[in-house]
Amino acid sequence: MSSNSFAYSEQSGGGEATELGQEATSTISPSGAFGLFSSDLKKNEDLKQMLESNKDSAKLDAMKRIVGMIAKGKNASELFPAVVKNVASKNIEIKKLVYVYLVRYAEEQQDLALLSISTFQRALKDPNQLIRASALRVLSSIRVPIIVPIMMLAIKEASADLSPYVRKNAAHAIQKLYSLDPEQKEMLIEVIEKLLKDKSTLVAGSVVMAFEEVCPDRIDLIHKNYRKLCNLLVDVEEWGQVVIIHMLTRYARTQFVSPWKEEDGLEDDEKNFYDSDDDQKEKTDKRKKSYTMDPDHRLLIRNTKPLLQSRNAAVVMAVAQLYWHISPKSEVGIISKSLVRLLRSNREVQYIVLQNIATMSIQRKGMFEPYLKSFYVRSTDPTMIKTLKLEILTNLANEANISTLLREFQTYVKSQDKEFAAATIQTIGRCATNISEVTDTCLNGLVCLLSNRDEIVVAESVVVIKKLLQMQPAQHGEIIKHMAKLLDSITVPVARASILWLIGENCERVPKIAPDVLRKMAKGFTSEDDLVKLQILNLGAKLYLTNSKQTKLLTQYILNLGKYDQNYDIRDRTRFIRQLIVPNEKSGALSKYAKKIFLAQKPAPLLESPFKDRDHFQLGTLSHTLNTKATGYLELSNWPEVAPDPSVRNVEVIELAKEWTPAGKAKKENPAKKFYSESEEEEDSSDSSSDSDSESGSASGEQEEEGDSSDDSSEDSSSEHKSDSESASEVGNKRTAKRNSKSKRKRDSEDGENENEKSKTSDSSNADSSSIEESSSDSESESESESESESRKVTKVSTPVFVPVKTHVLLHRMSGKGLAAHYFFPRQPCIFGDKMVSVQITLNNTTDRKIENIHIGGKRLPVGMQMHVFNTIESLEPEGSITVSMGIDFCDSTQTASFQLCTKDDCFNVNIQPPVGELLLPVAMSEKDFKKEQGMLTGMNETSTVIIAAPQNFTPSVILQKVVNVANVGVVPSGQDHIHRFAAKTVHSGSLMLVTVELKEGSTAQLIINTEKTVIGSVLLRELKPVLSQG
Amino acid sequence: MIHSLFLINCSGDIFLEKHWKSVVSQSVCDYFFEAQEKAADVENVPPVISTPHHYLISIYRDKLFFVSVIQTEVPPLFVIEFLHRVADTFQDYFGECSEAAIKDNVVIVYELLEEMLDNGFPLATESNILKELIKPPTILRSVVNSITGSSNVGDTLPTGQLSNIPWRRAGVKYTNNEAYFDVVEEIDAIIDKSDDVSFHPCIRFKRWESERVLSFIPPDGNFRLISYRVSSQNLVAIPVYVKHCISFKENSSCGRFDITIGPKQNMGKTIEGITVTVHMPKVVLNMNLTPTQGSYTFDPVTKVLTWDVGKITPQKLPSLKGLVNLQSGAPKPEENPSLNIQFKIQQLAISGLKVNRLDMYGEKYKPFKGVKYVTKAGKFQVRT
């Protein structure tokens, strides 16, 4: 207490000094009679004036002084009204300092604090994300219950903010609101659930923190985000990593079965020293013979490993405890090196790390044995570090290293730090009991220490020797004699008591010495310590029972002394002993057994590590350090016997519904892959070179994250990324297979007209019955995709609304010497490649002889354009006709693909130029998503025009018909009659193409196209405009 | 997580307090003072203390205690690491982490603490971000500020906070672009070393794992890129040796003290900056020594002998000899004191580690690159 009052006066002194400095710079400094308490009021008046002033510099000065007061713990609450007025100051530093003040005092001045709320509410809508974030931060830090609803609303809004930084702050605000009003829990959990889905690394740590504080038992909220969290982990900021790792450790222990195998189990069970063998066998038998680790379990272990190399000790420790608690025992070893590295850090880190190593080293010596020397003690280490190191050294001691260790211990015993020297002696004792080979060596060493000059060392040695001798009493008469002599010199009560006890126990082995010792002790009985007196009584009693002839009188003398001792314990003991050993008429049945009672074989003490019982706490926690359960400690559950359903972590087509982006990538989440993924594994080896290609098409930050989060599934679906150069037909097969299985679910195979081609390109048996043309099953698959669109945020490619029958001439029969060719766009995703447009070519033989060997010859394609040709047609009968499929990657442009159509005898130059509307694939999406996407594609990504046409042309069906005739777009269901929306993605890059037709009054309409692909956007606009205007 | 922070100086004054949640009374520190008293030595104050309603987690840095108040379970290392980060930040901002510096800059300190934690959870701890938010004080700026009333608060937005590379702010531009590597190796004499590495978060783990290449976007300014440890098997030699003869005569009030230092194997490089520190036994009253080189001091209160040797010239090995005065009548010390040695070898990395090459991608300019090697004594203790 005294130091505290001292602190107070010192503080105000110091405080004045800094204020003085600031005064000097202030413009309206008063004459300055400060230093006395009475002037404080006056000074505050002055601060108030400065705050009222219209100069920012004066205000700033005042605020700085006020913050100085707060920092020193002085009360500045009376300035609240004057300060709060400045909450809307334009000066950013004044504003910040006002915030500091507000957060500190709002709780005490609730009514006045409310004056500031509107400022924050306004700032929450600011276009600048940092201002929004800071407003939320301060608003949520004001602990005024009245504003709970306002906070709730602000948090909800901020959790949907576009800026991840604002969302991070929303996650922090959740905890603040929860501690202010726990009744909001349910609503807050909803926000947490939403933010857990967030893919930003900024948000992840903060929201998991909120989860841990608000609803740590809602483990179900984690399932769907588990893999994402594992994958994001490396990129999360370090503090977030710690929180997430601890949470995932708990999660893993509830969701996976134990990876600890039988042989590991044994070591694990070592601690259950008294468990019968049978017990153990039962246990191990119960374990399933064949254990396979859940891939999610493996994912966590794998993804945390690199973090062992973090510079942040807390992160390293977090990973270490994760490995300790959830990884297979054979893999735990890798953490030792990292933990040992942390020992070079400051003493606080060393302290915590050593504690954890101490606990680990009890159960698994092997882990740290190679690092034995890292735990050698330096004379400059603080005592607490020294004793922890010593503890670890003891745990690591074994037959092989004990001699080295004992040599090291010798140095420690000589240490000037006597507390540490004493601890070392205890340690030697423990080594002696644990390793029978060295028991004698240790004992001899300890006996040598008995002649040490330092009494503490001698005393400690005596105590330890006592314990050791107790274990093997037979052969140590000499040592006991030696110790008896020590009684003349040693004064430390514990040591004296120990010697007396030893002699008493072994009185029959030292028949000459024992009575003499008793004699000496009787002489000085009254001046002994209580502890020693009790042992003198014991010694007397034991001798009385074994050698009453010599010691009867002595004992009675001692008992008399004890009877009148000041200490009641001693009086009690005296009375008890007298009744028991001295026979008289009243003595009961017990005295017959007195000898048995006093000289019973006593079990040797177990010299144990003080860290023995800490392992039931999760490592790295506060509870483990304190060895008591801290407030808010979350138990680590035992492994479940049977793993809960692992499929809860499956993420269906995550928000990847952003299908239109990298087409290949989006596909991999397609649920249909379940049907064939098994058989596909052999193809997995394909590298993901095309993956990066498709990403580059539209690389936004979000997509990259998406890529990360889907890494886990990419293993079995990477085949989708095959580069085009790789056998395209194989890809084709797969895709057909996929579709096939998909359509199979809903209908029996419906044969399309083109089955022939299909079977040509496909080898896989199950693909045979399927058809490329799904147009016939439109209605069904459409409904399927619609239902999907509801469950997922945005949707995927839908089937075309309308397929025009219009064909284009590829080769006129006149110029083709009788061979005629037409092409048309079936508006289907191409089977040859995700980036290709399907083209069907119908060949007619108008001659009267066979045309043989029809194939595609030389190609002249613009850069980047690719073409998948049809297989050579051996022969075409006269009047015969055949339809074949091709795929052309037009690179989202309307450039012409030129190539040669060849027969056995001739080559004809032909061209395909796609109408812009055929470069699209329809996308099904909700109106909401449409608007959201449209909101992101404004500015230069938007083109629009006005259309004038007769009203009959603006009926919904006419508009729909016209638009889908021109372009392969999907219809977006619209809530408003006068707005029609269509959505598609470009085939090559997957960029969105959003078409809006908004009817205005009269006969005008606005046509708007939003797309990143501004060129084809404007071309499409140009093509649509005349079509829509026509009658 | 972290509820409050108290800064306490060596004489037990609480000179700064900051609360991130409701205010916790200063009286909670009484438990800390109690523990401090019990520990006797500052180094022995337990870093984690349990009180009836709170837990106190503290660090001791530069003669100051940073005492944080915790209410619920939290990994202690999390708090300790954070507190050290706070101290590092002060050091970075004010050049030293001392009571005077903190008091002089109390407003900046407060602004920093406000940014570093939100509701007790770390928000911005990277020096780069903080410096964008709050400018460090300079003499010039404080003069300008006092005249113009302008502020230390940055008016630009902290871009680093919003990007995926929090350790570097956006748009760093200099006329001279320089990349310097200081390879500092410390020899730890009684502790063995094993090769192990820790990284600044800017290093891409994946590349390191697959190619053993350190690939990174560097922070602007000084930073620790990696820390590594080399195992003793790889370590060639200890560069210095010490000949010592320290003896205390029985039943006499004096003793002899004689140490000589020499270079063992230094690959042609000079060993410099040698300092020997010895914690003498308590019975030593005074020492009368003669150094052949450098100067020595003995503090009779702390019993610490410091010998500032300087450079070793092989021709004449530095030595320090003389008499030790002991308290008369006291038993002679049980053990001879250990010698703690500091030294430096420029232009040498004793492990043989080298910066092989530095490639820079994505920028047009060519930076100036430089590498400097230093080998130092770490915790180098010679038992006598």
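None of these values were measured; they are calculated from a predicted model.

Thresholds applied
- Residues numbered from 1 in each chain as written.
- Chains lettered and ligands numbered in written order.
- Predicted model: local features only at pLDDT ≥ 70, side-chain atom pairs only at ≥ 80, totals over all residues.
- Heavy atoms only, no water.
- Helix = DSSP H or I, 4+ residues; strand = E, 2+ residues; numbered from the N terminus.
- Buried < 20%, exposed > 50% of the residue type's maximum accessible area, 1.4 Å probe, protein only.
- Contact = heavy atoms within 4.5 Å.
- Areas by Shrake-Rupley, 256 points an atom, 1.4 Å probe, with all protein chains shown as cover.
- Salt bridge = Lys/Arg side-chain N within 4 Å of Asp/Glu carboxyl O.
- pLDDT = per-residue confidence, 0-100.
- Polar contact = N/O pair within 3.5 Å; in protein donor to acceptor, adjacent residues only side chain to side chain.
- Axes fitted to C-alpha atoms, helices over the stretch in contact; angles between N-to-C directions.
- Parallel < 35°, antiparallel > 145°, perpendicular 65-115°, else oblique.
- Left-handed = near helix turned anticlockwise from the far one by under 90°.
- Nonpolar A, V, L, I, M, F, W, Y, C, P; charged D, E, K, R; others polar.
- Pairing = 2+ DSSP bridges.
- Phe/Tyr/Trp six-rings, centres within 6.5 Å; stacked < 30°, edge-to-face > 60°.
- Lys NZ or Arg CZ within 6 Å of the ring centre and 35° of its normal.
- Core = buried A, V, L, I, M, F, W, Y, C linked by side-chain atoms within 4.5 Å.
- Buried area = accessible area lost by both parts, 1.4 Å probe.
- Patch = residues over 30% accessible without salt bridge, like charges linked within 9 Å, V, L, I, M, F, W, Y side chains within 5 Å.

Caption draft 1: Seen up close, the overall build of chain B. For chain B, the count of helices and strands is eight helices and 20 strands. Looking at the 384 residues of chain B, the share that counts as buried comes to 52%. Long-range contacts, defined as pairs at least 24 residues apart, comprise 65% of the intrachain contacts of chain B with a sequence gap of at least 6. A total accessible area of about 17700 Å² is found for chain B, and carbon and sulfur atoms account for 51% of it.

Caption draft 2: Up close: the pattern of salt bridges. Residues and elements named next belong to chain A. Counting across every chain of the model gives 47 salt bridges over all chains. Ionic pairing is found between Lys-542 and Glu-505, a salt bridge with its closest N-O pair at 3.0 Å. Here Lys-542 is found in helix α30 (residues 530-546), whereas its partner Glu-505 is found in helix α28 (residues 493-505), with 37 residues between them in sequence. In this structure Lys-542 comes out as buried when scored by relative accessible area, which is 3%. For the salt bridge of Lys-533 with Asp-565, the shortest nitrogen-to-oxygen distance reads 2.9 Å. Of this pair, Lys-533 sits in helix α30 while Asp-565 sits in the loop between α31 (548-563) and α32 (568-581), placing them 32 residues apart in sequence. Relative accessible area serves as the criterion here: at 9%, Asp-565 is assigned to the buried category.

Caption draft 3: Region of interest: the confidence of the model for chain A. All names here are of chain A. Summing up the model confidence of chain A, the mean pLDDT is 77 and the portion of residues at 70 or higher is 78%. Mean pLDDT values over the elements of chain A span from 39, in helix α35 (residues 663-667), up to 94, in helix α18 (residues 313-326). Across residues 1-39, confidence stays below pLDDT 50; counting only partners more than four residues off in sequence or on other chains, it has 49 contacts. Contacts from residues 263-284, a stretch scored under 50 in pLDDT, to residues over four places away or in other chains number 15 contacts.

Caption draft 4: The environment of Glu-1001 of chain A, seen in detail. Looking at the element boundaries, Glu-1001 of chain A is found in the loop between β14 (992-999) and β15 (1004-1011). Along the sequence, Glu-1001 of chain A and His-978 of chain A sit 23 residues apart, while their C-alpha atoms lie 9.7 Å from each other.

Caption draft 5: Structural detail: the side chain of His-84 of chain B. Residue and element names in this part refer to chain B. Examined against the element boundaries, His-84 turns out to sit in helix α2 (residues 76-94). Of the residues examined, His-84 reaches a relative accessible area of 6% and is grouped as buried. At 3.0 Å, the side chain of His-84 forms a polar contact with the side chain of Arg-61.

Caption draft 6: A look at the packing of helix α24 (residues 418-434) of chain A against helix α26 (residues 455-471) of chain A. Residues and elements named next belong to chain A. Across the interface, α24 lies against α26 with an axial gap of 9 Å and an inter-helix angle of 15 degrees. When the interaxial angle is binned, α24 and α26 end up roughly parallel. Crossing geometry of α24 relative to α26 is assigned as right-handed. Of the residues in α26, those touching α24 at Lys-418, Ala-421, Ala-422, Ile-425, Gln-426, Gly-429, Ala-432 and Thr-433 are Ile-456, Val-457, Glu-460, Ser-461, Val-464, Lys-467, Leu-468 and Met-471. When the residues that make up the contact of α24 with α26 are grouped by side-chain class, the tally is nine nonpolar, four polar and three charged.

Caption draft 7: Representation of the pairing of β14 of chain A in the model. Residues and elements named next belong to chain A. In terms of residue burial, β14 counts as a mostly covered element, since seven of its eight residues are buried. Note: strand β13 (residues 979-986) against β14, seven bridges, orientation antiparallel. Bridge assignment links Ala-983 to a residue of β14, and that residue is Leu-994. Between β13 and β14, which pair antiparallel and follow one another directly, the connecting turn spans five residues, one of which, Gly-990, has a positive phi of 75 degrees. Looking at chain direction, β14 and β15 are connected through seven bridges and run antiparallel. Across the sheet, residue Glu-998 finds its bridge partner in β15, namely Gln-1006.

Caption draft 8: Spotlight on the packing of aromatic side chains. Taken as a whole, this structure holds 20 aromatic pairs over all chains when the rule is applied. Taking 5.3 Å as the distance between ring centres and 55 degrees as the angle between the ring planes, the aromatic pair formed by Tyr-99 of chain A and Phe-120 of chain A counts as tilted. One end of the pair, Tyr-99 of chain A, is in helix α5 (residues 92-105); the other, Phe-120 of chain A, is in helix α6 (residues 110-123), with 21 residues separating them in the sequence. Assessed through its relative accessible area of 11%, Tyr-99 of chain A is described here as buried. Taken together, a centroid distance of 4.9 Å and an interplanar angle of 70 degrees make the contact between Phe-32 of chain B and Phe-65 of chain B edge-to-face. Here Phe-65 of chain B lies in strand β5 (residues 64-70) and Phe-32 of chain B lies in helix α1 (residues 29-39), a separation of 33 residues in the sequence. Like Phe-32 of chain B, the residue Phe-65 of chain B is buried in the burial classification. Three or more aromatic residues joined by ring pairs form one cluster here, namely Trp-239 of chain A together with Phe-78, Phe-82 and Phe-121 of chain B. The residue whose ring lies beneath Lys-466 of chain A is Trp-501 of chain A, and the NZ or CZ to ring-centre distance is 5.1 Å.

Caption draft 9: Seen up close, the nonpolar core. Ranked by internal contacts, the top residues of the largest apolar core, which has 263 residues, are Phe-375 of chain A together with Phe-66 and Phe-90 of chain B. With twelve residues, α18 of chain A is the largest single contributor of residues to this core. Leave out the neighbours within four places in its chain, and Phe-90 of chain B touches Leu-7, Phe-66, Gly-95, Glu-96, Cys-97, Ile-102, Val-109, Leu-112 and Leu-113 of chain B. Ranked by size, the runner-up nonpolar core spans 58 residues in total, among them Val-839, Leu-901, Leu-919 and Val-969 of chain A.

Caption draft 10: Spotlight on the interface of chain A and chain B. With 106 residues of chain A at the contact, the number on the chain B side is 104 residues. In total, chain A and chain B occlude about 9100 Å² of area from one another, counting both sides; carbon and sulfur atoms represent 55% of this. Between chain A and chain B we count six salt bridges in total. With its nearest N and O atoms 3.4 Å apart, the salt bridge here joins Arg-137 of chain A to Glu-115 of chain B. Remark: the boundary between chain A and chain B carries 25 residue pairs in polar contact (both at pLDDT 80 or more). Considering only residue class, the side of chain A that touches chain B consists of 39 nonpolar, 41 polar and 26 charged.

Caption draft 11: A look at the pairing of strand β4 (residues 55-61) of chain B. Residue and element names in this part refer to chain B. Most of β4 is tucked away, with seven of its seven residues classed as buried. In β4, alternate side chains face the same way, and those of Tyr-55, Ile-57, Ile-59 and Arg-61 on one face and Leu-56, Ser-58 and Tyr-60 on the other are all buried. Direction of pairing for strand β3 (residues 48-50) relative to β4: antiparallel, over a ladder of three bridges. When the bridges of β4 are listed, Ile-49 appears paired with Leu-56. From the end of β3 to the start of β4, which pair antiparallel, there are four residues. The turn linking β4 back onto β5 is made up of two residues, and Asp-62 within it adopts a positive phi angle of 45 degrees.

Caption draft 12: Inspection of a nonpolar patch on the surface at higher detail. Taken together, Leu-590, Tyr-593 and Ile-597 of chain A make up a surface patch of nonpolar side chains, about 300 Å² in accessible area. Along the chain, the position of Leu-590 of chain A falls in the loop between α32 and α33 (594-598).

Caption draft 13: Representation of the sheet that holds strand β11 (residues 240-248) of chain B within the structure. Residues and elements named next belong to chain B. Read across the sheet, four strands follow the order β11-β12-β17-β14 without closing on themselves; strand pairing throughout is antiparallel. Each edge of the sheet is formed by a strand with only one pairing partner; in this case those strands are β11 and β14 (284-291). The sheet shows a mean angle of 15 degrees between the axes of neighbouring strands, direction not considered. Pairing analysis gives seven bridges linking strand β12 (residues 254-263) to strand β17 (residues 319-326), with the strands arranged antiparallel. Across the sheet, residue Cys-254 finds its bridge partner in β17, namely Asn-325.

Caption draft 14: Expanded view of the packing of α18 of chain A against α2 of chain B. Packing of α18 of chain A against α2 of chain B leaves a shortest axis separation of 8 Å and a crossing angle of 165 degrees. Between α18 of chain A and α2 of chain B, the crossing angle belongs to the class labelled roughly antiparallel. Considering how the two elements wind past one another, α18 of chain A and α2 of chain B form a crossing that is right-handed. Contacts from Ala-313, Ala-314 and Met-317 of chain A in α18 of chain A reach Leu-77, Phe-78 and Glu-81 of chain B in α2 of chain B. Classifying every residue of the contact of α18 of chain A with α2 of chain B by side-chain character gives five nonpolar, no polar and one charged.

Caption draft 15: Structural context of unusual backbone geometry. Residue and element names in this part refer to chain A. Backbone geometry at Glu-879 places phi at a positive 65 degrees, although glycine is not the residue there. By the secondary structure assignment, Glu-879 is in the loop between β6 (873-876) and β7 (881-889). Not every positive phi belongs to a glycine, and Cys-891 is a case in point at roughly 55 degrees. Summarising the element assignment, Cys-891 is placed in the loop between β7 and β8 (897-902). Judged by relative accessible area, Cys-891 falls into the partly exposed class, the value being 24%.

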